[in-house]
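# Summary of structural features
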Amino acid sequence: MINVADWSGNSWLSMFTTEAETILGMPAQEIGDAIENNSEAAAGIVERVNFKQFIFKCRAKMETYNDEARLKTIAVEVKTIDYKDLNNQVIKRIKQLMG
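First things first, this report covers the structure right here in the doc. Small disclaimer: the values here were computed from a predicted structure and weren't measured.

### Points about unusual backbone geometry
- For Asn 66, which is not glycine, the phi torsion reads 55° and is therefore positive.
- Position of Asn 66 relative to the elements: it lies in the loop between strand S3 (54-65) and strand S4 (68-80).
- Of note in the backbone geometry, Asp 67 takes a positive phi value of approximately 60° without being a glycine.
- By the secondary structure assignment, Asp 67 is in the loop between S3 and S4.

Written out as structure tokens, the structure is:
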């Protein structure tokens, strides 16, 4: 589970191995070894990710457990931000709006 936030608030997401590896920047085996053997190294891995920006593609659904409805959100895809491409898209859109 990971807590992600944007301008609208924050949310807890579940994710699979490939998405976690993308965010943490290392293979799952290394992350697991760090957690088991060196708690300081594990804390450092998590600290490096704080306040980094990613693009998340998520799937959400309502689940009921013990008569309590709650939203379950899963990160299906995580991408790093390509700022050059993003800037080109914004410039293209501005030019379209200007005519």
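### Considerations on the layout of surface pockets
- Computed from the structure, the largest pocket encloses a volume of approximately 760 Å³.
- What lines the largest pocket is a set of 24 residues, among which Ile 2, Asn 3, Val 4, Ala 5 and Phe 56 lie closest to the centre.
- Partitioning the lining of the largest pocket into residue classes produces 15 nonpolar, 7 polar and 2 charged.

### So, the pattern of salt bridges
- Applying the stated criterion across every chain, the model contains 3 salt bridges.
- Lys 72 is the salt-bridge partner of Glu 63, the closest N and O atoms lying 4.0 Å from each other.
- Given the relative accessible area of 27%, Glu 63 is considered partly exposed.
- One continuous salt-bridge network, built from bridges that share partners, spans Lys 61, Glu 63 and Lys 72.

### Considerations on a nonpolar patch on the surface
- A grouping of Tyr 83, Leu 86, Val 90, Ile 94 and Met 98 is seen on the molecular surface, where their side chains present a nonpolar patch of about 510 Å² in accessible area.
- Mapped onto the elements, Met 98 comes out in helix H4 (residues 83-98).

### Points about the packing of helix H2 (residues 28-37) against helix H3 (residues 39-49)
- Their axes nearest at 6 Å, the elements H2 and H3 cross at an angle of 135°. For the element pair H2 / H3, the angle class is oblique. Contacts between H2 and H3 involve Ala 34, Ile 35 and Asn 37 from the first element and Ser 39, Ala 41, Ala 42 and Ile 45 from the second.
- Among the residues forming the contact of H2 with H3, the class breakdown is 5 nonpolar, 2 polar and no charged.

### Some thoughts on the pairing of S3
- With 12 bridges joining them, S3 and S4 adopt antiparallel strand pairing. The partner of Met 62 across the bridge, within S4, is Leu 71.
- Hairpin remark: S3 followed by S4, antiparallel, with 2 residues in the connecting loop; positive phi at Asn 66, about 55°.

Criteria and thresholds
Residues numbered from 1 in each chain as written. Predicted model: local features only at pLDDT ≥ 70, side-chain atom pairs only at ≥ 80, totals over all residues. Heavy atoms only, no water. Helix = DSSP H or I, 4+ residues; strand = E, 2+ residues; numbered from the N terminus. 1 Å grid on protein atoms, 1.4 Å probe; cavity = no way out; pocket = protein on both sides within 12 Å on 5 of 7 lines; lining within 4 Å. Points joined across faces, edges and corners; volume = space filled by probe spheres on them. Nonpolar A, V, L, I, M, F, W, Y, C, P; charged D, E, K, R; others polar. Salt bridge = Lys/Arg side-chain N within 4 Å of Asp/Glu carboxyl O. Buried < 20%, exposed > 50% of the residue type's maximum accessible area, 1.4 Å probe, protein only. Patch = residues over 30% accessible without salt bridge, like charges linked within 9 Å, V, L, I, M, F, W, Y side chains within 5 Å. Areas by Shrake-Rupley, 256 points an atom, 1.4 Å probe, with all protein chains shown as cover. Axes fitted to C-alpha atoms, helices over the stretch in contact; angles between N-to-C directions. Parallel < 35°, antiparallel > 145°, perpendicular 65-115°, else oblique. Contact = heavy atoms within 4.5 Å. Pairing = 2+ DSSP bridges.

The values are spatial; any link to function lies outside them.
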